[in-house]
Structure formats: structure tokens, C-alpha cells
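Coordinates in review
Read off the chains here:
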Amino acid sequence: EGVPPFSPEAVGRPLLGETAARPPPADLVVHTTSPACVGYQAKNRVFRRMRAPFAWGIASAQELESWDPRIEFVSEQPFVDRHPHRWRWLRFAKAIPGVGRELRASMKIAHLRVHA
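The shown structure was predicted, so the numbers you read here are calculated from the model rather than taken from an experiment.

With that settled, consider the pairing of strand β3 (residues 107-114). Of the strand pairs in this sheet, strand β1 (residues 26-33) and β3 are connected by 8 bridges, and their pairing is antiparallel. Its bridge partner lying in β3, L28 is registered against L112. The pairing of strand β2 (residues 71-78) with β3 spans 7 bridges and is antiparallel. Across the sheet, residue E76 finds its bridge partner in β3, namely A110.

Okay, structure coming up:
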């Protein structure tokens with residue numbers, strides 16, 4: 001779940017393909033990060049403290065379908081919409097115009113299905 005966004009895309013792509021090669025059917029839940037999030041992590045205090053910076057990003061997990069024909073996009077949900085009590089003050093930032101939209105688009109949990 002946490003490996004692809006922190007590895008170079010050249011590692012993440014084959015990893016997803018190798019996972020898809022396992023005996024199907026399977027459901028995968030993966031963490032995705034937007035290109036904008038990758039770009040502004042150096043300017044953000046929270047991201048600067050991370051020991052593993054994001055290496056690449058995608059706008060939507062639906063893009064992952066094009067990586068391997070066995071992968072089907074099922075759904076995605078913003079991190080901040082899952083377990084809001086864990087996000088403390090950040091959950092309130094969702095209500096700020098502009099900030100909330102970018103926050104919800106920057107990091108998501110995606111559900112993928114692998115077929116034969």
C-alpha cells in the first residue's frame with residue numbers, strides 16, 4: 001500500500017504489474033499521490049519532515065488501468081474523508097475554498113481489481 005508513491009515510477013510500474021501477475025482475482029487497495037502534491041512537498045513543513053518523499057504522482061488512480069490490462073479501477077477516496085478524527089485540524093481545512101479541493105485531490109486511497 002505505501003510503497004509505490006515513495007519509489008521511483010520506474011519501480012512502481014513493474015511492482016503493480018508483478019502484483020497483477022499473481023493468481024487473480026484479487027482486490028488491491030493502494031495509496032496514490034497527485035503530481036501537485038509531489039511538487040509542493042519541499043515547500044510544506046509536514047511533508048519536509050517525512051523521511052521518504054513522494055517520487056511521482058497521478059491525478060487519478062484510473063490512470064493505473066493503462067499500466068496493465070489486468071487492472072480495473074473500482075474507486076478512489078480522499079485520505080481526509082477516511083477516519084476524519086485522525087486528521088485533527090486538517091479535517092477542517094477541507095471546508096476552506098480552494099484549499100479543500102486541493103487537499104482532497106492530493107492524496108487518495110484507491111481500490112483496484114485484478115482480472116485474469
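What follows concerns the confidence of the model for the protein chain. For the protein chain, mean pLDDT is 81; residues scoring 70 or higher make up 93% of the total. Summarising per-element confidence for the protein chain, the mean pLDDT is lowest in helix α3 (residues 45-48) (70) and highest in β2 (94).

So, on to the packing of aromatic side chains. With the rule as written, the count across this model stands at 1 aromatic pair. Ring geometry for W56 against W67: centres 5.3 Å apart, planes inclined by 40 degrees, an arrangement best described as tilted. On the criterion of sequence distance, the pair formed by W56 in the loop between α3 and β2 and W67 in the loop between α3 and β2 is long-range, its members being 11 residues apart. In this pair, the class of W56 matches that of W67, namely buried.

Turning next to the environment of G12. Mapped onto the elements, G12 comes out in helix α1 (residues 9-20). Its relative accessible area of 2% is what places G12 among the buried residues. Put simply, G12 and A55 are 43 residues apart on the chain and 9.7 Å apart in space, counted from C-alpha to C-alpha.

Within this structure, the stated rule accounts for 4 salt bridges. The partner of K108 in a salt bridge is E76, and the shortest N-O contact between them spans 3.4 Å. Remark: E76 occurs in strand β2 and K108 occurs in strand β3; sequence separation between them is 32 residues. Taking relative accessible area as the criterion, K108 reaches 14% and is therefore assigned buried. Overall, E76 belongs to the partly exposed group, its relative accessible area being 26%. For D81, the salt bridge identified is with R104, shortest N-O distance 2.2 Å. Residue D81 is found in the loop between β2 and α4 (90-93), and its partner R104 is found in helix α5 (residues 99-106); the two are separated by 23 residues along the sequence.

Rules of the game
Residues numbered from 1 in each chain as written. Predicted model: local features only at pLDDT ≥ 70, side-chain atom pairs only at ≥ 80, totals over all residues. Heavy atoms only, no water. Pairing = 2+ DSSP bridges. Helix = DSSP H or I, 4+ residues; strand = E, 2+ residues; numbered from the N terminus. pLDDT = per-residue confidence, 0-100. Phe/Tyr/Trp six-rings, centres within 6.5 Å; stacked < 30°, edge-to-face > 60°. Buried < 20%, exposed > 50% of the residue type's maximum accessible area, 1.4 Å probe, protein only. Salt bridge = Lys/Arg side-chain N within 4 Å of Asp/Glu carboxyl O.

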